[in-house]
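Examination of the molecular architecture
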Amino acid sequence: MSTRVEERERATATSVAPVAPARRARRRWELTAIGVVLAAVFLLPFVVMVLGSLKSRAEILRIPPTYLPRSWHPDNYATMWDTPETPLPFNLISTIIIAVCATAVVLAVAIPAGYYTARHRFPGRAVFLGLVLVTQMLQPTVLVTGLIREFFALGINDTWLAMILVNAAFNLSFAVWILHSFFAAIPREIEEAAMLDGLGRGQILVRVSLPLVWPGIVTATIFVVVACWNEFAASLVVLTTPENQPLSVALTKFVGQYDTAWQYVFAISTVGIVPVVLLFALIEKRLVAGLTAGSVK
């Protein structure tokens, strides 16, 4: 009886063994196909934008439209910087300075705040974290009148400093919350061991905790940079000098009531997304390295 059972199990294993790899291969191809379709759906608008930036305005407005340019106009990327509507070189510099400085301010405040709230049970801690979350529900447009009055009182209206403070204030809550979660996930025993080795609180934060929460810092950095880079409403009201305005505001100068320079709109939009894409491309390896740190002993 036992011999028959063993023979039956061998036959079953022999018949099933070739099927499992085939199913895994088919499933892998199905997931790959789904991923390609989703990527195409999300990338199609960007492809249309890039191709539109290489067309003439007449061809963009042509009916029926054509997807590929009949005559290529890469010179759009050169002539858009000399358009009389707006000083684009200054707008690009303004966008970079505001985004970089606001992100630096957010990280400088959010890292110690997230660490302290994760490691200390102080009175009113839950209320503080709740208020931090509530500020995320507010938008700069709701408080723009009060902000302008404050900036006039401080003498910084229509300056980069004003927009740096606005962007930092309205992105700080997200950074504090996400870093609080990452710091809270670090076992206390790691920091206690570092204390036994003679490290102080500041050294523990810099040399022990920060490397462990690197994925959170990267996530907060990307979120804040993208939010500051694309901010429009507050910049439109606070910054009135054309040279101080970011690209998001300068882009609207090419959209008129009766006429729109679509070739420049597409070209400026393409230039505007390149720094963000490069930032993510440069930081993506570190993000993956941080997520997989400690997975293999």
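What counts, and where the lines are drawn
- Residues numbered from 1 in each chain as written.
- Predicted model: local features only at pLDDT ≥ 70, side-chain atom pairs only at ≥ 80, totals over all residues.
- Heavy atoms only, no water.
- Helix = DSSP H or I, 4+ residues; strand = E, 2+ residues; numbered from the N terminus.
- Buried < 20%, exposed > 50% of the residue type's maximum accessible area, 1.4 Å probe, protein only.
- Contact = heavy atoms within 4.5 Å.
- Areas by Shrake-Rupley, 256 points an atom, 1.4 Å probe, with all protein chains shown as cover.
- Salt bridge = Lys/Arg side-chain N within 4 Å of Asp/Glu carboxyl O.
- pLDDT = per-residue confidence, 0-100.
- Core = buried A, V, L, I, M, F, W, Y, C linked by side-chain atoms within 4.5 Å.
- Axes fitted to C-alpha atoms, helices over the stretch in contact; angles between N-to-C directions.
- Left-handed = near helix turned anticlockwise from the far one by under 90°.
- Parallel < 35°, antiparallel > 145°, perpendicular 65-115°, else oblique.
- Nonpolar A, V, L, I, M, F, W, Y, C, P; charged D, E, K, R; others polar.
- Patch = residues over 30% accessible without salt bridge, like charges linked within 9 Å, V, L, I, M, F, W, Y side chains within 5 Å.
- Expected span 1.5 Å × (residues − 1).
- Arc of directions from axis to C-beta.

We now examine the overall build of the protein chain. If you tally the helices and strands in the protein chain, you get 14 helices and zero strands. For the protein chain, the N- to C-terminal ordering of α and β elements is α-α-α-α-α-α-α-α-α-α-α-α-α-α. Across the 297 residues in the protein chain, those meeting the buried criterion constitute 35%. Within the protein chain, contacts between residues at least 6 apart in sequence are counted, and of these 71% link residues at least 24 apart. In the form shown here, the protein chain has an accessible surface area of approximately 18200 Å², with 70% of it arising from carbon and sulfur atoms.

Once that is clear, we can look at the pattern of salt bridges. Taken as a whole and assessed by the stated rule, the structure comprises one salt bridge. Linking R119 and E191 is a salt bridge whose minimum nitrogen-to-oxygen distance equals 3.0 Å. Linking R119 in helix 5 (residues 88-119) with E191 in helix 9 (residues 188-196), this pair joins segments that are 72 residues apart in sequence. With relative accessibility at 7%, the residue R119 sits in the buried group.

This next bit is on the confidence of the model for the protein chain. On average, residues of the protein chain score 81 in pLDDT, and 86% of them reach the 70 mark or higher. When mean pLDDT is compared element by element in the protein chain, helix 5 scores highest at 91, while helix 1 (residues 2-16) scores lowest at 54. Across residues 292-297, confidence stays below pLDDT 50; counting only partners more than four residues off in sequence or on other chains, it has zero contacts.

By the element assignment, S209 lies in helix 10 (residues 201-212). Taking relative accessible area as the criterion, S209 reaches 0% and is therefore assigned buried.

Ranked by internal contacts, the top residues of the largest apolar core, which has 42 residues, are I111, F151, M163, V166, L179, F183 and V238. Sorting the residues of this core by element identifies helix 5, helix 7 (144-154), helix 8 (160-184), helix 10, helix 11 (214-230) and helix 12 (233-238) as the ones contributing at least two each. The greatest single-element share of this core, amounting to eleven residues, is contributed by helix 8.

Running from N to C, helix 5 and helix 11 cross one another at 145 degrees; their axes reach a closest spacing of 9 Å. In the packing of helix 5 onto helix 11, the handedness of the crossing is right-handed. Residues L92, T95, I96, A99, A102, T103, V106, L107 and I111 of helix 5 pack against I217, A220, T221, V224, V225, C228 and W229 of helix 11.

Turning to the packing of helix 9 against helix 10, a few remarks are in order. Between helix 9 and helix 10, whose axes approach to 10 Å, the crossing angle comes to 140 degrees. Regarding the angle of helix 9 to helix 10, the classification is oblique. The handedness of the crossing between helix 9 and helix 10 is right-handed. Residue-level inspection shows I190, E191, A194 and M195 of helix 9 in contact with helix 10, the latter providing R201, I204, V208, S209 and L212. Partitioning the contact of helix 9 with helix 10 into residue classes produces six nonpolar, one polar and two charged.

Tracing the chain through its elements places R207 in helix 10. Taking the C-alpha atoms as reference, R207 lies 9.5 Å from A194; in sequence the two are 13 residues apart.

Judged by side-chain polarity, L43, L44, F46, V47, V48, Y67, L68 and W72 come together as a nonpolar surface patch covering roughly 880 Å² of accessible area. Along the chain, F46 turns up in helix 2 (residues 19-53). The exposure class of F46 is partly exposed, given its relative accessible area of 41%.

With that settled, consider unusual backbone geometry. In this structure, the amide linkage connecting I63 to the following residue, P64, adopts the cis form with an omega of -5 degrees. Within the secondary structure, P64 is located in the loop between helix 3 (57-60) and helix 4 (76-79). Phi is positive for D158, which is not a glycine, with a value near 60 degrees. D158 gets classed as buried once you look at its relative accessible area, which sits at 16%.

If you check helix 10, its first and last C-alpha atoms are 15 Å apart, about what twelve residues at 1.5 Å a residue would give, namely 16 Å. For helix 10, the full list of buried residues reads I204, L205, V208 and S209. One side of helix 10 carries all its buried residues, which in axial view fall inside an arc of 130 degrees. Turned more than 90 degrees off the buried face of helix 10, the exposed positions are V206 and R207. Close packing links the buried residues of helix 10 with helix 5, helix 8 and helix 9.

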